[in-house]
Structure formats: C-alpha cells, structure tokens
Amino acid sequence: MTVSERERLHNLFPDLDFDPEALRAKYRAERDRRIRTDADSQYFESTGELAKFAEDDPYTDPDFDREPFDLSLDVVVIGAGFSGLMAGARLKERGITNFRIIESAGNFGGTWYWNRYPGAQCDIESYCYLPLLDETGYVPKEKYSFAPEIYEHVQRVADYFDLNDRAIFQTRVTQVKWHEDRGRWQVCTHRDDRIFAQFVIQATGPANRPKLPGIPGINDFRGTSFHTARWNYGYTGGDHTGGLTKLADKRVAIIGTGATAIQCVPFLGEHAKTLYVFQRTPSSVDARGNKPTDMDWFKNLKPGWQRERRLNFAAVLAGQSFGEDLVSDGWTDIARRIGISVFNRRSDLGDLDMQEIGLRAEIADFEKMNEIRTRVEAHVSDPDTAEKLKPWYRQFCKRPTFNDEYLATFNRANVHLVDVAGTQGVERITEQGVVANGQEYQVDCIIFSTGFEITTSADRRVDFDTIGREGLSLYEHWRDGFRTLHGLASHGFPNWFTIGINQNAFSVNMTAMFDDQAMHVSYIIDEVKKRGKQVVEVTKDAEEAWIQEIISQAGAGVTAFLEECTPGYYNREGTVGRGANMQNSGYAPGLNVFNALLQAWREQGDLEGMELR
Ligand code: NDP
C-alpha cells in the first residue's frame, strides 16, 4: 500500500480495530495455497464405478419399463425441475397445451427431487423462493422451507397447471435433432420414443450433474459410498429430519464443507459413531434464525405481493435499492452492508470516486467476515478447531451459508475436523478409507458432499447433443463460449430455447429467474403461432451483439474481485482473470435490469434480433 493510500484509509476509517493490509495479505496467501492449475479438470477423473452417482435413481423402481411413445407435439420441454415446471406452467397459461415435459427422474422437482439429505433446506426465504404462492394460496410453514415442503409445493404447482399427464418421467433424452424439411425437432430418448416437436425448451438446470473429485483410488473403496444428492437412507436409516440410527456403529467420512455439508453434518455428528469432516476450504457460516410464518402478516398480504417481494429482494441484492428491505435476512444484510455490486451504487453515493466506493465495500466486507470468524470462536470450544473453521476470503467469493447447528457439531467428542487445505484436497482413497495429510482414516462409509458440475463445459453437464441446422452441434457452436441472444436462444438452432444461467442475469433466487425466462420464451412461441409463422431463429448479428454486451458488462471490477478470491465455482476454480472466457459470464447488472430489458423487448413487439419464417 502506498503512503497516500494509507493516509486515505486512515482519514476515512480512523477507528478501525484491524489492519486491512494484513487481511488482504492473509486472503491472498489462503487463495494461493488453494489454487490448482488443473482447475475444473480436477473433477474429470471421477468416472468409472462412481459415475453411477449421476445415473442412479434411488427413488424409483429400477425395473420400470414402458412401450415407446409416438408423438407429434408443439413443444418438448427437457427437464422437470423448477425451470421445466415453470416453462410448462407458462405455456399452459398461454393456451399452448400440446407439449410434454421429459425428465430422467421419477417426478417433478429437479434439485428437490434428488437432494433429500438430512437437513436439506432452501436458504432463500420461502416467500420469495416458492413460486406461485399468490396463485395457489399456499402458506409456507416457515421463513426457510425444508426440502420436503418444497417438493410438495412442486407437486402443488404441477397439479395447479394440470401438468402431470404431460410429463414423461424416467426417460433420458439421448439426442435432439432439427429436421429442416419438416421444420421439426426430433427428440430421441433411451426408451426409443419417436417424438417430433415444433419447439424445444431445454431446462436441464445448472446443478444437475453431481461432481466427484478426481481423487486417486476413488473407485477402490470397499465400504459404502454415496453422493449427498443420492442419499442412501437404506444405509443410514432415518429421513430428512434425522434419526440416522443405523450409523450408531459406523465410522463415517464426509468430503466437502459447502452449503450441503453445512446442513447435513449436524445430523451425521449426532448419529455416527465417529465422523471425520474433510475440509479444504471452510464455508462462511452465519446465523439462520428460521421462524414460523406469521399468519396475521400473511393473511393481510395484497395480491401481487410475491412479485413485489421478489423484485425488492433482487434489487437489494444487486445494490440497486437502499430503501425498504422486505426480506431482511442474512443475504440482504450482506448485500446492504457490502454492496454486492458497488458500481451500481454510484449514483446513491453522490460524489465519491470509484476507488473510495471500492474501499468502503472492502472494509465493510472485512468487518462482516470478522464477525463470521468471531462467530466461529463463540460456537467452537477447541481453539485449534475453531481456527481451522475460519474462512479467509471475501464474503461473495463463495456461497454464504446459514446454519445454527453446524459449528457446534465440532464440540462433539465423536466429530473430527480434518483440514486438507495444505494438500489442496484429500490425497487418496483406499479400500479402507481416506488418506489426508499422510494419515489413513479407516471408515465404513464415505459421503461425497462435493457439489455439482456448475462450471464445467455445457456438453459434460448435459448428456445429449443438440444438432441444429446443417448438422451443427450446439456444443460445437458454443466451443469458444456461449453464443446466445439473452441467454435463451442461439443462431443455427431454430425454434430452440434454453432456460438457465448462461449469458443471462443470475439470481440466488433461482425460481424467480427461471420463471421470468419461462414467461419470455412462452411469449415468443405464442407470437410465432399468432403471426402465422412456423420458425423463429436468432440472427447471427443479434447473437454477436449480445455476446459483446455480456463481455462489456462483465467489466473489470467484477473480474478483479473474483481474481482475488479463493477458488470455487463462482470464479471457475480460480481461472477468472487468468484466461477464463468472459463470454461465459452472466449479465452483470442483475435480474431486475435484465427483466426490464426483456420486457422492453417484448413491448417493442418486433422480436428484434429474431427472424420469423
Ligand atoms: P459445493 O460445490 O459448494 O462444495 C463442494 C465441497 O467439496 C467444497 O467444500 C469443496 O472444497 C469440497 N471438495 C471438492 N473437491 C475436494 C477434494 N478433492 N478434497 C476435499 N474437498 C473437496 O457443493 P454443495 O453441494 O455444498 O453446494 C453446491 C451448491 O448447491 C451451493 O453452492 C448452492 O448453490 C446449492 N445449494 C443451495 C442450498 C440452498 O440452501 N439453497 C443448500 C445446498 C446447496 P473447496 O471449497 O475447497 O473447493
């Protein structure tokens, strides 16, 4: 730090009780020892036996069989998670009914179908997260819903829109191919269905593929192992509320300490004979403070309240609102104090220069993270363990987590934290257990809480190819980065849409984001029909213009922030700023700005950037 920077810091914050430069140095050192040159490819070796984690469905009859379908449809939606569900709902709303939703799982739900681990909960407020509360009249039980309530609500939405008889479950799509002569997509499945559709909406979700680290020996383990997204209650006993009584005589290892582990570790600690928690990077764990819904408040909400609340939540998170904070929770507290996008705050902060805004945000971040680290000390009695549980990075380098039981679990005599940061992860897996820091931990069970492939290449995450006009593969088209208009459609792929997180605004409140995209896509399909046309396709120029918009909005500020971060999927395992393709960024100004842009596009009425024929 230069002398003038030091002076400025002192003038702005004369009473600081910590040394910002020392914290910066600590964060950098922690980041550097975690950076792996193999980045995302550290997860590529996880095939072999364990690839079954991604394919097995423990919740359905494995012997299920049926005759192939022969269908001619208006629309095929691929995926029945919240994005596919909302696509179906919004098509129905527009009177488009000749469609099917194809899904490999045995029911609707996506993430909430697969993730049934004990303690699974949504950390986004239920009043914002659960869609269509206004319409269905459903009152969430608590401020933060647990997985079973969310799964139930998924079924409620499917019933409300009468989507059940439009679903084709336990069916994997194997290829999607455009037939120019017919003006139709052929959708091939592993059940040999013969399905042609005018439109395809791909809604396969951002976290559909469980991720396994390429740890040497991962396939050698002789005990029981499973991924948290395929929890084996047959082995552990119990259900999402706990009661894992079959673990009473078991030594259990859990690898990973992200948002999932934070929720299930307390249950494992309570029931396992011995629990080893292998931690590479600690999560930031703030208070949860869940509470039952105040029925008086809920009953008095006016129609349209949910949309208003979602807009307010997105605005506060994007640093675009400093007035009312309707949600007022851990997420909005962080955003309000730190300013997730300091650049958006420019106008509210008057004459301050960008450097000062950045500095203020950084100091607020240090203060918040100091609180998080102090919270660790308050909950964990062993000082050495507490020290290892402290996160040393800026708040939004990794997904913040919220839990009231996780930290105290390490006070149990049967629970051991194994810090593997020094070796950049678990070293090896043997027939008997897990090797870390040169020591073998013999266990009966290994649970992989290692997350999902969120930033690996699109074709790895989706098991089928999409072949557009002139035999072009979608993944070939996207080889050097996503190429879309608004993240929703691509040139060379007529009548094809995707709902997700590619080149559009990202929001932690994913259901809101997906619903807005579903509304937009169903609008376009409806317009094609109303205008008596057959085909709609993004022009090459419009696609190129959107790519340039994404890159320019990604901006140096966000890149510089992510570059300083400890590796994770937020900065593509530490590659952002070190050659990562900024074309793969989201739309930086955030959800509300993106939605306003889409709305203006619809109101303009000429489907700008799309060719109709
Ligand atoms: P994450 O990707 O967040 O965490 C994976 C964990 O595995 C990290 O702690 C990672 O360490 C660790 N890991 C990976 N490889 C190794 C290795 N070789 N050795 C040791 N440790 C390793 O996955 P989660 O399932 O926890 O969460 C995924 C996402 O799902 C969340 O970020 C969130 O978006 C969503 N989620 C949302 C919830 C909600 O409440 N809405 C709840 C749960 C999940 P490192 O950090 O060092 O890479």
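Structure shown above.
Remember, predicted model here, so these are calculated numbers, not experimental data.

> So, the pairing of strand β2 (residues 99-102): which residues are in play, and what are the values?
Direction of pairing for strand β1 (residues 70-78) relative to β2: parallel, over a ladder of four bridges. Note on β2: the bridge partner recorded for V76 is R100. Of the crossover connections in this fold, the one passing from β1 over helix α4 (residues 82-93) to the parallel β2 is right-handed. Judged from the two bridges that link them, β2 and strand β3 (residues 167-168) form a sheet pairing that is parallel.

> Describe the state of the cysteines, with residues and values.
Here the structure, examined in full by the defined rule, presents one disulfide. C445 supplies the cysteine sulfur nearest to C264, a cysteine that is in no disulfide, at a spacing of 11 Å. With relative accessibility at 1%, the residue C445 sits in the buried group.

> Hey, could you go over the packing of helix α2 (residues 20-34) against helix α14 (residues 354-379) for me, with residue numbers and the actual values?
Running from amino to carboxyl end, α2 crosses α14 at an angle of 75°, the nearest separation of the two axes being 11 Å. The angle between α2 and α14 falls in the class roughly perpendicular. On the side of α2, the interface is formed by P20, L23, R24 and Y27, while α14 contributes L359, E362, I363, F366, M369, N370 and R373. Its residues placed into classes, the contact of α2 with α14 shows seven nonpolar, one polar and three charged.

> How would you explain the sheet that holds strand β14 (residues 433-436) if you had to name every residue and give the values?
Spatial strand order, β13-β14-β15: three strands in an open sheet with antiparallel pairing. Two strands bound the open sheet, and with one partner strand each, they are β13 (428-429) and β15 (439-442).

> Would you mind going over the site of the ligand in detail, with residue names and values included?
Near the ligand, the surroundings consist of 26 residues, among which D123, T260, T281, K398 and Y569 are the closest. At 3.5 Å, a backbone N or O of G258 approaches an oxygen atom of the ligand. For the ligand, an oxygen atom lies 2.7 Å from a polar atom in the side chain of K398. Relative to its free-state accessible area of 910 Å², the ligand is covered by the protein chains to the extent of 89%. Residue contributions to the shell around the ligand peak at three residues, all from helix α10 (residues 259-271). Among the residues making up the shell around the ligand, the classes are represented as 10 nonpolar, 11 polar and five charged.

> Which residues make up helix α12 (residues 305-317), and what values do they have?
Between its first and last C-alpha, α12 extends 18 Å over 13 residues, near the 18 Å set by a 1.5 Å rise per residue. Buried residues dominate α12, accounting for 10 of its 13 residues. Burial in α12 covers these residues: W305, Q306, R309, R310, N312, F313, A314, A315, V316 and L317. Its buried side turned inward, α12 meets α6 (126-129), α7 (133-136), α11 (295-299), α13 (330-338), α19 (510-530) and α21 (591-604). Following α12 by one or two positions, G319 adopts a phi angle in the positive range, close to 70°.

Basis of the calculations
- Throughout this description, residue numbers start from 1 for each chain and increase along the sequence as written.
- Two thresholds apply to this predicted model, a pLDDT of at least 70 for residue-level local features and 80 or more for giving and counting side-chain atom pairs, whereas whole-chain, interface and lining totals are computed over all residues.
- Side-chain numbers here rest on the full set of heavy atoms in the structure, without hydrogens or water.
- When DSSP finds two or more bridges between a pair of strands, those strands are recorded as paired.
- Where helices and strands are cited, they refer to DSSP runs of H or I of at least four residues and of E of at least two residues respectively, numbered from the N terminus.
- Whether a crossover is right-handed comes down to one check: with the strands pointing away from the viewer, does the path from the first strand over the helix to the second run clockwise; if it does, it is right-handed.
- By convention in this document, the label disulfide applies to cysteine sulfur atom pairs within 2.5 Å.
- Here's how the labels work: a residue is buried when its accessible area is under 20% of the maximum for its type, exposed when over 50%, partly exposed in between, all with a 1.4 Å probe on protein chains only.
- Angles shown run from 0 to 180 degrees and are taken between the N-to-C directions of axes, each axis being a line fitted to C-alpha atoms and, for helices, limited to the stretch in contact.
- For classification, angles of less than 35 degrees are called roughly parallel, those exceeding 145 degrees roughly antiparallel, those between 65 and 115 degrees roughly perpendicular, and all remaining angles oblique.
- Only heavy atoms enter the contact rule, under which two residues are in contact if any of them lie within 4.5 Å.
- Gly counts as polar in this scheme, as do all residues outside two lists: the nonpolar Ala, Val, Leu, Ile, Met, Phe, Trp, Tyr, Cys and Pro, and the charged Asp, Glu, Lys and Arg.
- The criterion for a residue being near a molecule or strand is simple. One of its heavy atoms has to lie within 4 Å of it.
- A 3.5 Å cut-off defines polar contacts: any pair of N or O atoms within that distance qualifies, except that in protein one atom must be a possible hydrogen donor and the other a possible acceptor, and neighbouring residues in sequence count only when both atoms are side-chain atoms.
- Using a 1.4 Å probe, accessible areas were evaluated by the Shrake-Rupley method; residue-level cover was limited to the displayed protein chains.
- In this analysis, the expected span of each helix is defined as 1.5 Å times one less than the number of residues it contains.

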